[in-house]
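Close look at the chain arrangement
Spelled out, the chains give:
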Amino acid sequence: MNKANPSELRHDVLWGQLHALSVIAQLGSFTKAAQRLGLSKAAVSQRISELERAMGQSLVSRTTRSVRLSQAGQDLVDATEASFTQITRALSASRDAVGQARGLLRVTAPVALGRQHVAPCLSAFFKLYPQIRIELDLSDRLVPLAQEGFDLAIRHCSAPPDSHVAVKLCASRAILVASPDYLQARGEPGHPDDLAEHACLPYLRPGPAVWLFEQASGKEPQRLRIPVQGPLRASNSEILRDAALDDLGLALLPDFSAAPALRSGALLEVLPQWRPVGFFGDSVYAVYPWNNQVPRPLKLLLEHLRKSFAKGFLPKA
């Protein structure tokens, strides 16, 4: 590329191009950068081309599968990223100081938990803060937040990542359930070993289906590893819950999927003296990248989620 004359560099024009480069460096994708910036992919590509012409060198290496910054591009991002972060924080603080909170939040959550509990609580949030917008992505994949441009993740787990800030929303537990009609027809198991004689509805994971149960007895809890099988395995707790409601067998479910049917009596807890362990998370967390100045819209959403999830899903066992 031809070197640009420094006197021809319009710094005020290049701010947008430099910001686009920093977002591409963070997300590793023109498409994701375009989503974050609210621009078309072509517009982002044009900004980078303009910046490369102004700098007189290639800043981004594009392939069909990936986007990488050249050394010059990375050096430029390293030199300007802190300034853009400071500007963004200053603008957010100034805007939040007056008027209603506003802005876009991108949130990711597991499919079943998101459908049943996260999405339903947002209506009340929008009534309180009509200027805040949310993009809710439901996926059971553990999404890397910064790389994919998410502000917040709802995680059902036992140990949140220590590289992020994790706010515990509530406790959670796994529960073994079956319909009254199934138990009347097949009998109720009195011990985990009895599950070998029952139709079971395991969550779909690699390898043979195995359920672990724990019972406190003496100094050390007794733990049993029980192979199970049945007519259906699925990777979604709502599907397994509905199969149990249709009398197909016993299902091991997270409490947030089982709770409504348990409260109505459509499903009953099985082997309540044994605790299923090691399968689903024991808490629900709100997780977000560390930031020494959390944007006000994110603070408000976190507080709303804490209130919405405060009671959990079922009484403690």
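Refer to the structure above for everything that follows.
Right, let's walk through the structure included here. From a predicted model like this one, the values you see are computed outputs, not experimental measurements.

The number of helices and strands found in the protein is 10 helices and 14 strands. Going through the 317 residues of the protein one by one, you find that 43% of them count as buried. Restricting to contacts in the protein with at least 6 residues of sequence separation, those with at least 24 account for 75%. Carbon and sulfur atoms make up 51% of the accessible area of the protein, which totals about 17200 Å².

Turning our attention to the sheet that holds strand 13 (residues 275-276). Ordered in space as 10-9-13, the three strands form an open sheet in which the pairing is antiparallel. Pairing within the sheet leaves two strands with one partner each, and these edge strands are strand 10 (222-227) and strand 13. Relative to strand 10, strand 9 (residues 210-215) is paired through six bridges, and the arrangement is antiparallel. From the neighbouring strand, Glu214 faces strand 10, where its bridge partner is Arg223.

Looking now at the layout of surface pockets. If you roll a probe as big as a water molecule over the atoms, it shows you where there is empty space left. Considering only enclosed or pocket space, the second largest pocket measures out at about 480 Å³ in volume. In terms of lining residues, the second largest pocket is bounded by 23 residues, among which Pro110, Asp140, His156, Tyr203 and Arg205 are the most central. Elements that contribute at least two residues to the lining of the second largest pocket include exactly strand 3 (103-109) and strand 5 (152-157). With four residues, strand 5 is the single largest residue contributor to the lining of the second largest pocket.

What follows is about the nonpolar core. One finds Leu152, Ile154, Leu176, Leu195, Leu301 and Phe309 to be the most contacted residues of the largest nonpolar core, which totals 66 residues. Of all hydrophobic cores here, the second largest spans 20 residues; its members include Leu21, Val23, Val67 and Leu69.

Here we take up the pattern of salt bridges. Throughout the structure, instances matching the rule amount to eight salt bridges. The salt bridge involving Glu135 is made with Arg106; its shortest N-O contact spans 3.0 Å. In this pair, Glu135 sits in strand 4 (residues 132-138) while Arg106 sits in strand 3, placing the two residues 29 residues apart along the sequence. Given the relative accessible area of 13%, Arg106 is considered buried.

Under the counting rule described, the total for this entry stands at seven aromatic pairs. Summarising the aromatic geometry, the rings of Phe125 and Phe126 are spaced 6.1 Å apart at their centres and angled 65° between planes, so their arrangement reads as edge-to-face. Among the residues examined, Phe126 registers a relative accessible area of 32% and is labelled partly exposed. With 6.4 Å between their ring centres and 80° between their planes, Tyr203 and Phe279 make a pair best called edge-to-face. Taken as a pair, Tyr203 in the loop between strand 8 (200-201) and strand 9 and Phe279 in the loop between strand 13 and strand 14 (283-289) lie far apart in primary sequence, 76 residues in all. On the accessibility criterion, Phe279 (16% relative accessible area) is buried.

Right, let's get into the environment of Asp193. Positionally, Asp193 belongs in the loop between helix 7 (180-186) and strand 8. For Asp193 and Val228, which are 35 residues apart along the polypeptide, the C-alpha to C-alpha distance reads 9.7 Å.

What follows deals with the pairing of strand 7 (residues 174-178). Where burial is concerned, most of strand 7 is hidden: five out of the five residues are buried. Neither face of strand 7 is open: one carries Ala174, Leu176 and Ala178, the other Ile175 and Val177, and all of them are buried. Pairing of strand 7 with strand 11 (residues 250-254) involves four bridges; the strand directions are antiparallel. When the bridges of strand 11 are listed, Val177 appears paired with Ala251. Bridge count for strand 7 against strand 12 (residues 268-269) is two bridges, and the pairing is antiparallel.

Quick notes on the rules
- Residues numbered from 1 in each chain as written.
- Predicted model: local features only at pLDDT ≥ 70, side-chain atom pairs only at ≥ 80, totals over all residues.
- Heavy atoms only, no water.
- Helix = DSSP H or I, 4+ residues; strand = E, 2+ residues; numbered from the N terminus.
- Buried < 20%, exposed > 50% of the residue type's maximum accessible area, 1.4 Å probe, protein only.
- Contact = heavy atoms within 4.5 Å.
- Areas by Shrake-Rupley, 256 points an atom, 1.4 Å probe, with all protein chains shown as cover.
- Pairing = 2+ DSSP bridges.
- 1 Å grid on protein atoms, 1.4 Å probe; cavity = no way out; pocket = protein on both sides within 12 Å on 5 of 7 lines; lining within 4 Å.
- Points joined across faces, edges and corners; volume = space filled by probe spheres on them.
- Core = buried A, V, L, I, M, F, W, Y, C linked by side-chain atoms within 4.5 Å.
- Salt bridge = Lys/Arg side-chain N within 4 Å of Asp/Glu carboxyl O.
- Phe/Tyr/Trp six-rings, centres within 6.5 Å; stacked < 30°, edge-to-face > 60°.

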